[in-house]
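# Topology and contacts: notes
Here is what each chain is made of, one letter per residue.
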Amino acid sequence: MNKFVYRMQNILDIKLKLEEQERANFAMAMMRLEQEKQKLMELYARKADYEEKTRMALRDTLSITEIKYCRHAIDAMRSAIRTQMIEVHVQEKNVEQARAKLNEVMSDRKTHEKLKEYAFDAYKAEYAKEEEKEIDQSVTYRYTTSDSQ
C-alpha cells in the first residue's frame, strides 16, 4: 500500500503560513500599544515635573513668568495626554482586531489539521483492511497448498 499523502496538505501549509503572519501582526500591534503606553507614561511624568516646578515657583520668590510658563506647559501636557490616550485606545482596538484575526486563522488551521487526522485515520483503517486481506489470502494459500499435497 502507498504511503499516506494528505491531498490538501498545500492548503494546510498555507494556513500555517497565514497563522505565522497573523502572529507577527499581533506581536507588532502589541509592541505599538506598549510604545504608546510608554509615551503616555512619559507625558504623565513630564506633567508631574511641571506641576512640581509650579509648586516650587509658588513657594519661592514669585516669578510670574516662571509660573505662567509652568501652567502653560501643564495645559499643553494635559492636551498631549488626552491625544495620547486616544492613540492608546486606537492601538488597543488594533490589538483586539489582530487578536480576533489570529483566533480566526488558528481556528481555520485547527479545522484543517482535524481533517488531516480524519484522513489519516481513514488511511489507517484502509491499510488495516488491506493487511487483513493479504493475511487471509496467505492463510488460504497455505491451507490450500497443504491440503493438495
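The notes below deal with the structure included here. (Residues numbered from 1 in each chain as written. Predicted model: local features only at pLDDT ≥ 70, side-chain atom pairs only at ≥ 80, totals over all residues. Heavy atoms only, no water.)

### Notes on the pattern of salt bridges
Pairing is possible between side chains of opposite charge, provided their charged atoms come close. Going by this rule: The rule for a salt bridge is simple: a side-chain nitrogen of Lys or Arg has to be within 4 Å of a carboxyl oxygen of Asp or Glu. The numbering of helices and of strands both runs from the N terminus, where a helix is a DSSP run of H or I of at least 4 residues and a strand a run of E of at least 2. Each residue's exposure class comes from its accessible area (1.4 Å probe, protein chains only) as a fraction of the maximum for that residue type: buried when under 20%, exposed when over 50%, partly exposed otherwise.
Applying the stated criterion across every chain, the model contains 11 salt bridges. Here Arg 109 makes a salt bridge to Glu 113, at a shortest N to O gap of 2.8 Å. Here the residue Arg 109 and the residue Glu 113 both occupy positions in helix 2 (residues 64–148), the gap between them amounting to 4 residues, near one helical turn. For Arg 109, a relative accessible area of 11% corresponds to the buried category. Between Asp 121 and Lys 124 there is a salt bridge, with the nearest N and O atoms lying 3.8 Å from each other.

### Topic: the packing of aromatic side chains
Filter applied, for reference: By convention, a stacked pair of Phe, Tyr or Trp rings (six-membered ring in the case of Trp) has centres within 6.5 Å and planes under 30 degrees apart, an edge-to-face pair has planes over 60 apart, and any other such pair is tilted.
The tally for this structure, following the rule as stated, stands at 5 aromatic pairs. The interplanar angle of 75° and the centroid separation of 5.0 Å between the aromatic rings of Phe 4 and Phe 120 together place this pair among those described as edge-to-face. Note that Phe 4 is positioned in the segment before helix 1 (9–59) and Phe 120 in helix 2, a separation of 116 residues in sequence. Between Phe 4 and Tyr 123, the aromatic rings sit 5.3 Å apart at their centres with planes inclined by 50°, giving tilted as the arrangement. Placement of the pair is Phe 4 in the segment before helix 1 and Tyr 123 in helix 2, with a sequence separation of 119 residues.

### Concerning the nonpolar core
The line we're drawing: The criterion is simple. A nonpolar core is a set of buried Ala, Val, Leu, Ile, Met, Phe, Trp, Tyr and Cys residues joined through side-chain atoms within 4.5 Å. Two residues qualify as a contact provided that any one of their heavy atoms is within 4.5 Å of a heavy atom in the partner residue.
Ranked by size, the top nonpolar core spans 15 residues in total, and within it Phe 26, Tyr 50 and Val 95 carry the most contacts. Mapped by element, the contributors of at least two residues to this core are helix 1 and helix 2. Looking at which element gives the most residues to this core, the answer is helix 2, with 9 residues. Residue contacts for Phe 26: discarding those within four places in its chain leaves Val 95, Ala 98, Arg 99 and Leu 102.

### Here we look at the side chain of Lys 47
With respect to the helices and strands, the residue Lys 47 is situated in helix 1. For Lys 47, a relative accessible area of 18% puts it in the buried group. If we skip the residues at most four places from it in the chain, Lys 47 touches Ile 74, Met 77, Arg 78 and Ile 81.

### Looking at a nonpolar patch on the surface
As a reminder of what qualifies: Residues forming no salt bridge and having over 30% relative accessible area are the ones grouped into patches, like charges within 9 Å of each other and nonpolar side chains (Val, Leu, Ile, Met, Phe, Trp, Tyr) within 5 Å. Here the accessible surface of atoms and residues is derived via Shrake-Rupley with a 1.4 Å probe, and residues count as covered only by protein chains that are part of the display.
Together, Met 41, Tyr 44 and Met 85 make up a nonpolar patch on the protein surface, roughly 280 Å² of accessible area in all. Mapped onto the elements of the fold, Met 41 is located in helix 1.

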